Amino acid sequence: MVIVLKSNIAQNSVKDLIENIRAKDLDVNVSEGHNHTIIGLIGDTSKILPEDLQSIDIVDSVKRISEPYKKANRKMHPEDSIINVAGKMVGEGMFHVIAGPCSVESEEQIIEVARDVQKSGATMLRGGAFKPRTSPYAFQGLHGEGIRLLLEAKKATGLPIVTEIMNASHLDLFDEVDVIQVGARNMQNFELLKELGHCSKPILLKRGLANTIEEWLMSAEYIMAGGNSNVILCERGIRTFETVTRNTLDISAVPVLKEKTHLPIIIDPSHATGKSALVAPLAKTAVAAGADGLMIEVHNNPAAALCDGAQSLNPKQFDELMADIKRRVEFEGKTM
Ligand code: PEP
Ligand code: MN
């Protein structure tokens, strides 16, 4: 971290600042120019907030040189991480498709969809039991019963299950869940992230509606700092001025994250677009961009879905897409 001081300031306040920095177990490198003095901080600056330094009256500007996330940082861990999900490896060289309805609605629905997506080549089953809905009057999910039904679908197909947690007090219900999803709305629920850091289950961490890549990686860091390094990132579109699509898929997040972190990254084209017709082109783009997988909403009867029907593929559409995705994954030299 580098601090640029204002010009014409009292030398004793510079001395005070340097002493304060040294008291935080950091060393300094002071460089005096004609107009400005620059202080370079040497050591672990992850606990120092640039905003705090910026508020000191003799400070002109502060610039971070190294990223504040350590465990999620590729610089600290150059090899790609491979996350073990019930014996299936997620990460470098492997490509996974997590498919299923937005919400678990009934036993027949989830088992039928699970069987269909498995036939088409999906490697994991998704389904929401706790639903973060904008309206309190909309379907909120079947809660514990939804998880029980997902486990029935897992028994019927062998597919590992992925489902969202909204409250750490529900963790007991997730004992047999294979991947715990943190949804976009909870990406910065730091108390929830800390709790998930204390379990060893893989966590699918979705990007917040309006969060930067650095904020997203800091949320991954929360989970990893607690001791759980099994984090998979999921880009699901961000809020922009565009209204034609539900969100705007930030496809550049894939190559950017490949540079910044060793964690696997998957793309959710369903929530990114909100429109079933746009799911296939963006899913194909995700493979080409180097994503490690996809999360796609599939419903046996999208028109009657209790949640997100407009963006859900029917099993036939999903099957056609998967035939295409398999060819592209092979072209990229990955295995499904
Ligand atoms: C979901 O996957 O069901 C979901 C609610 O997604 P997001 O958190 O990305 O909106
Ligand atoms: Mn949904």
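Residues numbered from 1 in each chain as written. Chains lettered and ligands numbered in written order. Predicted model: local features only at pLDDT ≥ 70, side-chain atom pairs only at ≥ 80, totals over all residues. Heavy atoms only, no water.

Visitor: In this structure, what is going on with the coordination of the manganese ion (ligand 2)? I would like to understand it.
Guide: Six octahedral donors around a metal ideally make angles of 90 or 180 degrees; four tetrahedral donors ideally make 109.5 degrees. Taken together, the protein ligands of the manganese ion (ligand 2) are C102 (SG), H271 (NE2), E297 (OE) and D308 (OD), with distances of 2.0 to 2.4 Å. Counting residues between consecutive donors of the manganese ion (ligand 2) along the chain gives the motif C-x168-H-x25-E-x10-D. You can see H271 sitting in helix α8 (residues 269-273) and its partner E297 sitting in strand β14 (residues 293-297), a full 26 residues away along the chain. Like E297, H271 is buried. (Donors = N, O, S within 2.8 Å, 3.2 Å for Na, K, Ca; no water. Helix = DSSP H or I, 4+ residues; strand = E, 2+ residues; numbered from the N terminus. Buried < 20%, exposed > 50% of the residue type's maximum accessible area, 1.4 Å probe, protein only.)

Visitor: What is the right way to read the site of ligand 1 from this model?
Guide: Every residue lining ligand 1 is accounted for by R126, K131, P132, E164, Q181, G183, A184, R185, K206, R236, H271 and E297. Here an oxygen atom of ligand 1 and a side-chain polar atom of Q181 are 2.9 Å apart. Between ligand 1 and A184, the relevant distance is 2.7 Å, taken from an oxygen atom to a main-chain nitrogen or oxygen of the residue. Per-class residue counts for the shell around ligand 1 are two nonpolar, three polar and seven charged. (Near = heavy atom within 4 Å. Polar contact = N/O pair within 3.5 Å; in protein donor to acceptor, adjacent residues only side chain to side chain. Nonpolar A, V, L, I, M, F, W, Y, C, P; charged D, E, K, R; others polar.)

Visitor: Would you mind going over the domain arrangement of the protein chain with me for this structure?
Guide: It is common to give the size of an interface as the accessible area that goes away when the parts come together. When cut into domains, the protein chain gives domain 1 (2-63) and domain 2 (83-331). For domain 1 and domain 2, the distance between their C-alpha centres works out to 43 Å. (Domains from an automatic or database assignment.)

Visitor: In this structure, what is going on with the side chain of H96? I would like to understand it.
Guide: Along the chain, the position of H96 falls in strand β7 (residues 96-100). With a relative accessible area of 7%, H96 lands in the buried category. Residue contacts for H96: discarding those within four places in its chain leaves K88, M89, V90, T123, M124, D292, G293 and L294. (Contact = heavy atoms within 4.5 Å.)

Visitor: Sorry, what's going on with the sheet that holds strand β1 (residues 2-5) here?
Guide: Backbone hydrogen bonds are what pair the strands of a sheet, in a parallel or an antiparallel way. With antiparallel pairing, four strands are arranged side by side in an open sheet as β2-β3-β1-β4. The strands lining the two open edges of the sheet, one partner per strand, are β2 (27-32) and β4 (59-63). Going across the sheet, the axis of each strand differs from the next one's by a mean of 20°, ignoring polarity. The strands touched by helix α1 (residues 11-22) within the sheet are β1, β2, β3 (37-42) and β4, with β2 carrying the most contacts at an inclination of about 155°. (Pairing = 2+ DSSP bridges. Axes fitted to C-alpha atoms, helices over the stretch in contact; angles between N-to-C directions.)

Visitor: Looking at this structure, I do not really get the pattern of salt bridges. What am I missing?
Guide: Where charged atoms from two side chains of opposite charge come close, those side chains can pair. Here the structure, examined in full by the defined rule, presents 19 salt bridges. A salt bridge links K119 to D116; its shortest N-O distance comes to 3.7 Å. Here D116 and K119 lie together in helix α3 (residues 107-120), a separation of three residues that amounts to about one turn. A salt bridge links K154 to D178, with the nearest nitrogen and oxygen atoms 3.0 Å apart. Of the two residues, K154 is situated in helix α4 (residues 144-157) and D178 in the loop between β9 (161-165) and β10 (179-182); the sequence distance between them amounts to 24 residues. Salt bridges linked by common partners bring E145, R148, E152 and K155 together as one network. (Salt bridge = Lys/Arg side-chain N within 4 Å of Asp/Glu carboxyl O.)

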